[in-house]
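Each chain, written out:
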Amino acid sequence: MAATITGWHAHVYYDPVTTRAAAEALRAAIAARFPAAVLGRWHDRPVGPHPGAMYQVAFAPDLLAGLLSFLVLHRAGLVVLVHPETGHARADHTAHALWLGAVLPLELSVLPE
């Protein structure tokens, strides 16, 4: 039986010194255009499987087409990981993931199978 997608996450990676302003501008634009999206906290160092500074954007499946299209055009060179929420964290972050920009190495050992 196939997994069901209950939501989506976009992880926007930035450098706290050199690209934080671009990340702030993107975050403000997301908030203005997609008020139903939930903006997570700023993490200026690695957290969970993520290799660097990032913030998360959580959103419902019905926002995927619009938000993904927006990120493609407005990410300003930032790397973004977009993945579904199916209850299978490792697969969601790997096999089911979409990357905008470089593919970054994730610390998969912290994610359940």
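Here the structure is a predicted model, which means the values were calculated and not measured.

Trainee: Tell me what's going on with helix H1 (residues 20–33), and back it up with residues and numbers.
Mentor: The end-to-end C-alpha distance of H1 is 20 Å, a good match for the 20 Å that 14 residues give at a rise of 1.5 Å each. Among all positions of H1, only Ala23, Leu26, Arg27 and Ile30 are buried. For H1, the buried positions fall inside an angular range of 100 degrees around the axis, keeping them on one side. Of the exposed residues in H1, those oriented more than 90 degrees away from the buried face are Ala21 and Ala32.

Trainee: Pulling in residues and values, what's your account of helix H2 (residues 64–74)?
Mentor: Buried within H2 we find Leu64, Leu67, Phe70 and Leu71. Angularly, the buried residues of H2 cover 140 degrees about the axis, an arc narrow enough to put them on a single face. Structural note: H2 exposes Ala65 and Leu73 on the side pointing more than 90 degrees away from its buried face. At its buried positions, H2 is contacted by strand E1 (7–13), H1, strand E3 (54–59), strand E4 (80–85) and strand E5 (98–100). Downstream of H2 by a residue or two, Ala76 has a phi angle that is positive, lying close to 55 degrees.

Trainee: Go over the environment of His74, please, and point to the residues and values.
Mentor: Relative to the assigned elements, His74 resides in helix H2. Classification of His74 by relative accessible area gives partly exposed; the value is 41%.

Trainee: Which residues make up the pattern of salt bridges, and what values do they have?
Mentor: Tallied over the entire structure, the rule returns two salt bridges. Put simply, Glu24 and Arg20 hold a salt bridge, and the shortest N to O gap is 3.3 Å. Residue Glu24 and its partner Arg20 are located together in helix H1, separated by four residues, close to a single helical turn. Between Arg20 and Asp44 there is a salt bridge, with the nearest N and O atoms lying 2.8 Å from each other. Separated by 24 residues along the polypeptide, Arg20 in helix H1 and Asp44 in the loop between strand E2 (38–39) and E3 bring together distant segments of the chain. The network of salt bridges with shared partners includes Arg20, Glu24 and Asp44.

Analysis parameters
- Residues numbered from 1 in each chain as written.
- Predicted model: local features only at pLDDT ≥ 70, side-chain atom pairs only at ≥ 80, totals over all residues.
- Heavy atoms only, no water.
- Helix = DSSP H or I, 4+ residues; strand = E, 2+ residues; numbered from the N terminus.
- Expected span 1.5 Å × (residues − 1).
- Buried < 20%, exposed > 50% of the residue type's maximum accessible area, 1.4 Å probe, protein only.
- Arc of directions from axis to C-beta.
- Contact = heavy atoms within 4.5 Å.
- Salt bridge = Lys/Arg side-chain N within 4 Å of Asp/Glu carboxyl O.

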